[in-house]
Amino acid sequence: MANDKAAQPSQLLERILTLELVRVTERAAVAASLLRGRGQEKAADKAAVDAMRRELNTLPIDGTVVIGEGERDEAPMLFIGERVGTGEGPKVDIAVDPLEGTTLCAKDMPGSIAVMAMAEGGTLLAAPDVYMEKIAVGPGYPKGVVDLDRSPEENIRAVAAAKGVEPKDITVLILERPRHQELIQKVRSLGCGIRLITDGDIMGVIFTTMPDETGIDLYLGIGAAPEGVIAAGALRCIGGQMQGRLILDTPEKRERAKKMGVTDPDRKYDLNDLARGDVVVAATGVTDGALLHGVRFKGGHVETDTIVYRSVTGTVRRIRAEHRNIGKFHLEP
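Every value quoted in this text rests on a predicted model; they were computed, and no experiment measured them.

Here we look at the overall build of the protein
From N to C terminus, the protein includes 12 helices and 14 strands. Computed over its C-alpha atoms, the radius of gyration of the protein comes to 19 Å, within 12% of the 20 Å expected for a compact globule of 333 residues. If you line up the protein on its principal axes, its C-alpha atoms span 55 × 45 × 40 Å. Relative to its full complement of 333 residues, the protein shows a buried share of 53%. When contacts within the protein are restricted to residue pairs at least 6 apart in sequence, long-range pairs at least 24 apart make up 69% of them. By element, 48% of the accessible surface of the protein is carried by carbon and sulfur atoms, the whole surface being about 14200 Å².

Laid out in structure tokens, this is it:
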């Protein structure tokens, strides 16, 4: 029986990667939500990490964390290479961001989430915790409509032409960082609208897939590589196009990437390079945001709001849950 399970990971992924993944991100979101607005970024991150790890280790999987978190910020980690799960079940890759938007949570601002992706073993890019240049658009455009090797102006004009509008009618989402000042000037030179976000570029990429709801047509800029892989997993499920290039601008970063299997430091990764095969992504709101409600505590029960994506079936599930057995969340003061 064990061999049969190992030989048919997709069937097991179908069974465990809906409600089981939801339980993982729910636990992390609830744990972090207890520290909303407290100004304690690392404490909130640690709470989310501990809750996520605890729940992951109950799953019937032989999981390896290929995208971890915390190296750059010296926060608590679900570290790259960590083994999770019971060990009884399919081999899977795990990508986690237990608390995307730690600052958003600490300030009780919109858009903080607990998010993770799971895929068949060997199918997620094992990206080091460095920065990545990214570009993304949603579904419905001709293949190759955007390209990292083109200028921002060329990409915007291409998206506008494919959409049948003027460049000024395109809205671009960009992380608000000093490194993006020149990019912002170039985008605004075309008369485009820009939505600047302080954190949360996983959701920023996802926003491109629903322009009617979010108003976002294009994602541009530099963000964290681990979040890029998770976002690519979600885009694989919903549809769209994305490219990324690791920024390996020091010998130490290049050596670290080489140890993780990156042989070409200048490689341009497309969506299927970042995340291929059967991918499932789950995200639960910590604070209220454009796509997800935050965790809510109401008279003896806890409410959570989660979205789950699966690439093989193209399914998007929205799960709003009321948890009346709140002891399962380990809500110690």
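Concerning the pattern of salt bridges
Where charged atoms from two side chains of opposite charge come close, those side chains can pair. Going through the model one piece at a time under the given rule, you end up with 25 salt bridges. The salt bridge involving D305 is made with R318; its shortest N-O contact spans 2.7 Å. Placement of the pair is D305 in strand β13 (residues 301-310) and R318 in strand β14 (residues 315-323), with a sequence separation of 13 residues. Judged by relative accessible area, D305 falls into the buried class, the value being 2%. Several salt bridges converge on common partners, so that one network encompasses E133, D147, D149, R245 and K268.

Side note on the confidence of the model for the protein
Considering every residue of the protein, the mean pLDDT works out to 90; 92% of them sit at 70 or more. The model gives residues 1-7 a pLDDT under 50, and that stretch makes one contact with residues more than four places away or in other chains.

Overview of the pairing of strand β4 (residues 113-120)
A regular strand carries its side chains on alternate faces of the sheet. A large share of β4 lies buried, amounting to eight of its eight residues. Of the strand pairs in this sheet, strand β3 (residues 91-100) and β4 are connected by seven bridges, and their pairing is antiparallel. For I94, the partnering residue across the bridge sits in β4 and is M118. Relative to strand β11 (residues 279-285), β4 is paired through seven bridges, and the arrangement is antiparallel. The partner of M118 across the bridge, within β11, is V280.

Comments concerning the environment of L124
Assignment of secondary structure puts L124 in the loop between β4 and β5 (131-137). Relative accessible area serves as the criterion here: at 7%, L124 is assigned to the buried category. When the C-alpha atoms of L124 and L274 are compared, they prove to be 6.0 Å apart, with 150 residues separating the residues in sequence. Dropping the residues within four chain positions of it, L124 is found in contact with V66, D93, I94, A95, A119, V229, L274 and A275.

Thoughts on the sheet that holds strand β7 (residues 193-197)
Whether parallel or antiparallel, the strands of a sheet pair through hydrogen bonds between backbone atoms. Pairing within the open sheet is mixed, and its six strands lie in the order β7-β6-β8-β5-β9-β10. This sheet does not close on itself; its edge strands, each paired only once, are β7 and β10 (269-270). Pairing geometry for β5 and strand β8 (residues 218-224), over seven bridges, is antiparallel. Directly across from A136, in β8, lies its bridge partner Y219. Here helix α6 (residues 152-163) sits on the sheet and contacts β5, β6 (171-175) and β8; the angle it forms with β8, its principal contact strand, is near 140°. Against the sheet, helix α10 (residues 225-238) makes contact with β5, β8 and β9 (241-247), and its axis sits at roughly 25° relative to β5, the strand it touches most.

Criteria and thresholds
Residues numbered from 1 in each chain as written. Predicted model: local features only at pLDDT ≥ 70, side-chain atom pairs only at ≥ 80, totals over all residues. Heavy atoms only, no water. Helix = DSSP H or I, 4+ residues; strand = E, 2+ residues; numbered from the N terminus. Rg over C-alpha atoms; globule rule 2.2 N^0.38 Å. Buried < 20%, exposed > 50% of the residue type's maximum accessible area, 1.4 Å probe, protein only. Contact = heavy atoms within 4.5 Å. Areas by Shrake-Rupley, 256 points an atom, 1.4 Å probe, with all protein chains shown as cover. Salt bridge = Lys/Arg side-chain N within 4 Å of Asp/Glu carboxyl O. pLDDT = per-residue confidence, 0-100. Pairing = 2+ DSSP bridges. Axes fitted to C-alpha atoms, helices over the stretch in contact; angles between N-to-C directions.

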